[in-house]
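Survey of secondary and tertiary structure
Below are the chains, spelled out letter by letter.
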Number of protein chains: 2
Amino acid sequence: MAKEKKLVEAITSMEEDFAQWYTDVVKKAELTDYTSVKGCMVIKPYGYAIWENIQHELDRRFKETGVENVYLPMFIPESLLQKEKDHVEGFAPEVAWVTHGGLEPLQERMCVRPTSETLFCDFYAKEIHSHRDLPKVYNQWCSVVRWEKTTRPFLRSREFLWQEGHTAHATAEEAEARTIQMLNVYADFCEQVLAIPVIKGRKTDKEKFAGAEATYTIESLMHDGKALQSGTSHNFGDGFAKAFGIQYTDKDNTLKYVHQTSWGMTTRMIGAIIMVHGDDSGLKLPPRIAPVQVMVIPIQQRKEGVLEKSEELLAVLKEAGIRAKLDDSDKSPGWKFSEQEMRGIPLRVEIGPKDIENNQAVLVRRDTREKVVVSLENLAAKANELLDAIQQDMFDRALAHREAHTYEASDYETFKQTIDEKPGFVKAPWCGCQECEDKIKEDTTATSRCIPLVGGEAVEGATCVCCGKPAKKLVYWGKAY
Amino acid sequence: MAKEKKLVEAITSMEEDFAQWYTDVVKKAELTDYTSVKGCMVIKPYGYAIWENIQHELDRRFKETGVENVYLPMFIPESLLQKEKDHVEGFAPEVAWVTHGGLEPLQERMCVRPTSETLFCDFYAKEIHSHRDLPKVYNQWCSVVRWEKTTRPFLRSREFLWQEGHTAHATAEEAEARTIQMLNVYADFCEQVLAIPVIKGRKTDKEKFAGAEATYTIESLMHDGKALQSGTSHNFGDGFAKAFGIQYTDKDNTLKYVHQTSWGMTTRMIGAIIMVHGDDSGLKLPPRIAPVQVMVIPIQQRKEGVLEKSEELLAVLKEAGIRAKLDDSDKSPGWKFSEQEMRGIPLRVEIGPKDIENNQAVLVRRDTREKVVVSLENLAAKANELLDAIQQDMFDRALAHREAHTYEASDYETFKQTIDEKPGFVKAPWCGCQECEDKIKEDTTATSRCIPLVGGEAVEGATCVCCGKPAKKLVYWGKAY
């Protein structure tokens with residue numbers, strides 16, 4: 001029994017040390033491992049299976065909006081990176097440089113892509129000539145590299161996986177519409193699939209992407225009250241088009257610059273799932289993203305008929321379209337339960353000799369630990385019903401948590417005290433000056449997360465929470481990952 | 001009409017200049033484009049859609065054999081690459097080196113992975129302790145970099161996409177079985193999905209992978225009579241395990257080294273599809289890999305009812321599980337036909353006012369140009385039947401072509417003359433010495449492609465085609481991409 005408890009005991013409690021709890025879950029749920037390459041991780045089978053489900057769900061949504069997938073090189077020649085001034089300033093300090101190919105030094109060094117705007121622009125400049133060539137709505141799934149100083153699995157690593165969409169349009173209106181469309185795809189995906197409620201908003205100029213005219217973001221709140229930027233969608237206007245000379249001949253026979261967007265979501269969303277939903281028993285996966293939705297665990301599996309019945313139930317669950325597995329390893333049921341809980345599998349089926357005698361099984365929800373006894377002929381229907389309920393309840397709980405941790409402040413003392421004492425979002429009016437953002441960050445370490453798309457205009461007479469001048473916007477502030 | 005013909009006219013004929021024909025098809029079918037990064041390509045939407053289908057089909061087959069996907073870093077520290085002597089000698093001359101991270105020089109330079117044996121070994125050394133941890137059957141989908149001097153789209157580029165499987169097993173027998181199992185998966189995939197017949201065989205020591213004990217290969221024959229190595233599966237024995245210290249405690253409580261394999265298939269298979277099946281009108285895609293299987297092309301589409309009927313037929317085809325599209329652009333039917341042919345779409349449906357009057361449509365096969373008139377209620381069934389026939393016929397034609405271009409030689413004069421005058425495989429006995437392989441390569445530029453798994457033992461009394469000493473093996477020789 002001592003050995004049996006080890007898996008659970010080894011986890012730090014969330015309340016005691018949230019950062020250590022996160023690291024423990026990542027390790028014990030076997031999502032990632034460290035490598036000999038500092039700041040780069042191995043994504044292990046269970047972690048990668050979650051990423052595959054994220055890819056599948058996002059890719060399907062992208063394609064429904066007309067997105068086509070492509071693949072561009074992983075290297076960017078230095079001269080190409082430098083073509084757009086703001087962009088190179090934003091990224092040059094954190095890229096990895098390739099200087100030698102084989103045994104020869106390169107004539108021009110290249111960086112490993114930190115993001116691919118410059119490559120797509122170079123491509124589009126050759127591809128786009130006429131209004132008939134527009135729009136281009138391309139995306140790629142790849143890995144990118146940013147030479148971060150401090151790293152954490154999924155949240156911040158030197159190499160991470162993502163998708164990056166890059167589009168070119170005839171008009172500014174169309175580019176803006178695509179930017180918002182993709183923001184909505186991300187928000188819908190987070191809420192419907194990951195059960196993570198998000199605030200849709202616009203970044204301030206200080207926080208926007210290097211080279212963008214406008215950056216839109218979805219912001220979510222982790223269990224510890226810190227914010228996580230969960231997906232961004234950028235409208236570049238014609239800035240990149242001018243730097244790269246991307247022009248088309250319009251119907252009226254005049255030469256015009258295209259308008260561009262880009263948008264991305266990364267493996268950090270796996271970190272968000274952990275930090276929004278997890279508890280002291282480990283991971284909690286929303287059913288729609290869980291690689292295994294139901295684990296069948298036999299009780300007294302050596303008794304006659306138990307394994308046979310377990311396999312039969314497994315087949316019934318699979319037949320009903322459920323991603324189910326059977327744990328018939330030689331561990332004890334208690335050990336299997338804690339493994340299933342650690343891995344966040346949403347539902348387990350317990351089936352033993354007595355259950356078989358009574359033509360029933362016990363369903364146990366991972367999120368609430370609620371037990372439901374169900375007759376065997378209703379197993380699949382009940383499992384599907386419970387999976388739906390778990391999905392919805394996880395979202396509702398995350399939303400309630402965010403609402404309970406969203407505060408308001410209209411004066412600076414209250415603002416600072418709230419940021420300091422109450423982890424969460426603080427909604428406060430802002431004058432629009434970067435000086436106030438800088439001061440707030442210096443005083444509290446909080447940053448402006450976004451100006452919400454709904455309710456982002458300051459109310460009549462409101463004053464900036466920092467300088468007291470008339471406010472222009474209402475901003476969500478918070479400490480962030 | 002002059003403009004209409006341009007698409008077709010611009011293609012070099014295969015007989016005239018096969019290499020130029022290949023380049024033309026890649027460009028005109030919009031599969032790839034060149035980039036500002038020398039030797040690296042853009043894979044455009046149509047090319048990438050083929051790769052997605054390859055991924056989907058292979059990944060499904062892998063998972064049926066118990067493969068799990070993971071992701072490992074793209075960088076390999078120099079000291080890690082050097083751990084296995086043969087391996088570093090094979091790859092060090094052709095890797096790209098990262099020397100700076102951000103503004104700082106790295107303490108140790110890293111290469112961008114040319115292949116990931118060393119990373120997987122480093123990972124397995126930490127992961128594997130007991131016989132309970134075995135086997136590990138992992139795979140990753142990623143891009144790799146090899147600093148080639150001369151490059152061609154899909155066939156040889158500095159960066160390419162692939163999957164690389166890496167497994168660890170308790171015994172030598174299990175490793176050998178997995179090596180052969182994956183070779184069979186590749187062969188089955190090529191023949192069943194890509195309609196490309198392959199020779200399964202073993203590489204000679206000269207041609208095997210750097211660090212492998214045995215390399216198995218599938219070799220296919222292109223239309224021009226050159227061979228293409230289409231997939232390889234390596235058995236490493238315990239060589240890497242000893243270099244990296246990957247040991248496990250067996251059931252008998254003794255410490256043993258694991259036995260490892262790796263196996264990979266790449267985007268060069270898109271090149272194989274082009275070169276095995278294509279013709280002077282462009283690409284010819286086997287239906288099972290084609291992103292679009294049927295193109296509906298309206299005739300006189302401005303006439304009343306034609307577009308409506310076309311859309312109706314499109315819906316019927318999709319309903320029957322066919323990947324179908326409608327070309328309702330404002331180009332002429334003739335132009336649309338040549339575009340559909342250039343892109344290798346296996347089947348087209350022509351539907352015009354007269355067809356509608358007669359309740360029929362015309363189906364035209366891309367592979368044979370055969371026209372079949374079908375009544376509208378039979379459209380989907382007939383289309384599915386024709387797609388199956390096209391798939392089978394394409395395989396049969398490729399097989400017949402290979403058989404017609406496979407020769408035998410028992411003396412060196414005949415051998416040299418055959419290699420020189422008759423593009424294709426030459427089957428000839430070999431003594432087993434690398435000196436003869438070297439001489440053959442010097443004299444003819446042909447290399448040993450493989451010792452076939454079936455019929456690879458030399459017959460009694462046969463002598464080496466090069467030196468005349470007693471032969472040990474029968475070898476397929478050929479000039480290769």
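Before reading further, recall that the structure is shown in the block above.
Reference entry: report on the structure contained in this document.

What follows deals with the overall build of chain A. The number of helices and strands found in chain A is 15 helices and 23 strands. Over its C-alpha atoms chain A spans a radius of gyration of 25 Å, differing by no more than 12% from the 23 Å that the globule rule assigns to 481 residues. Overall, chain A is about 80 × 55 × 50 Å in size when its C-alpha atoms are taken along their principal axes. The proportion of buried residues among the 481 residues of chain A is 59%. The contacts in chain A between residues at least 6 apart in sequence include a share of 68% that link residues at least 24 apart.

As a further point, take the sheet that holds strand β15 (residues 294-298) of chain B. Two orientations exist for strands paired in a sheet by backbone hydrogen bonds: parallel and antiparallel. All names here are of chain B. The strand order across the open sheet formed by five strands is β16-β15-β17-β18-β19, and the pairing between neighbours is mixed. At either margin of the open sheet sits one strand with a lone partner, and together these are β16 (324-326) and β19 (371-375). Strand-to-strand twist across the sheet, computed as the mean angle between neighbouring axes with direction ignored, equals 25°. As judged from the three bridges shared by β15 and β16, these two strands associate in the parallel manner. Each bridged residue has a counterpart across the sheet, and for Val 296 the counterpart in β16 is Leu 326. The sheet strands contacting helix α11 (residues 333-342) are β15 and β17 (347-351), and the helix crosses β15 at an angle near 170°.

Contacts between chain B and chain A engage 54 residues on the former and 54 residues on the latter. Contact between chain B and chain A buries roughly 4400 Å² in total, counting both sides, with carbon and sulfur atoms accounting for 60%. The tally of links between chain B and chain A comes to six salt bridges. A salt bridge links Asp330(A) to Arg132(B); its shortest N-O distance comes to 3.8 Å. On the surface where chain B and chain A come into contact, there are 25 residue pairs in polar contact (both at pLDDT 80 or more).

Here we take up the packing of helix α10 (residues 306-319) of chain A against helix α13 (residues 379-404) of chain A. Residues and elements named next belong to chain A. Two elements in contact, α10 and α13, have axes whose closest approach is 9 Å; the angle formed by their N-to-C orientations is 55°. Classified by the angle between their axes, α10 and α13 sit oblique to one another. Once α10 is placed against α13, the crossing between them reads as right-handed. On α13, the residues touching Leu 313, Val 316 and Leu 317 of α10 are Leu 379, Ala 380 and Ala 383. Grouping the constituent residues of the contact of α10 with α13 by class yields six nonpolar, no polar and no charged.

Residue and element names in this part refer to chain B. Reported here for the second largest pocket is a volume of approximately 1300 Å³. In terms of lining, the second largest pocket is formed by 47 residues, of which the most central are Arg 146, Arg 156, Glu 207, Phe 209 and Gln 229. Elements represented by at least two residues in the lining of the second largest pocket include exactly α5 (85-91), β8 (159-169), β11 (227-237), β14 (259-266) and β22 (447-452). Classifying every residue of the lining of the second largest pocket gives twelve nonpolar, 18 polar and 17 charged.

Reading guide: rules and limits
- Residues numbered from 1 in each chain as written.
- Chains lettered and ligands numbered in written order.
- Predicted model: local features only at pLDDT ≥ 70, side-chain atom pairs only at ≥ 80, totals over all residues.
- Heavy atoms only, no water.
- Helix = DSSP H or I, 4+ residues; strand = E, 2+ residues; numbered from the N terminus.
- Rg over C-alpha atoms; globule rule 2.2 N^0.38 Å.
- Buried < 20%, exposed > 50% of the residue type's maximum accessible area, 1.4 Å probe, protein only.
- Contact = heavy atoms within 4.5 Å.
- Pairing = 2+ DSSP bridges.
- Axes fitted to C-alpha atoms, helices over the stretch in contact; angles between N-to-C directions.
- Buried area = accessible area lost by both parts, 1.4 Å probe.
- Salt bridge = Lys/Arg side-chain N within 4 Å of Asp/Glu carboxyl O.
- Polar contact = N/O pair within 3.5 Å; in protein donor to acceptor, adjacent residues only side chain to side chain.
- Parallel < 35°, antiparallel > 145°, perpendicular 65-115°, else oblique.
- Left-handed = near helix turned anticlockwise from the far one by under 90°.
- Nonpolar A, V, L, I, M, F, W, Y, C, P; charged D, E, K, R; others polar.
- 1 Å grid on protein atoms, 1.4 Å probe; cavity = no way out; pocket = protein on both sides within 12 Å on 5 of 7 lines; lining within 4 Å.
- Points joined across faces, edges and corners; volume = space filled by probe spheres on them.

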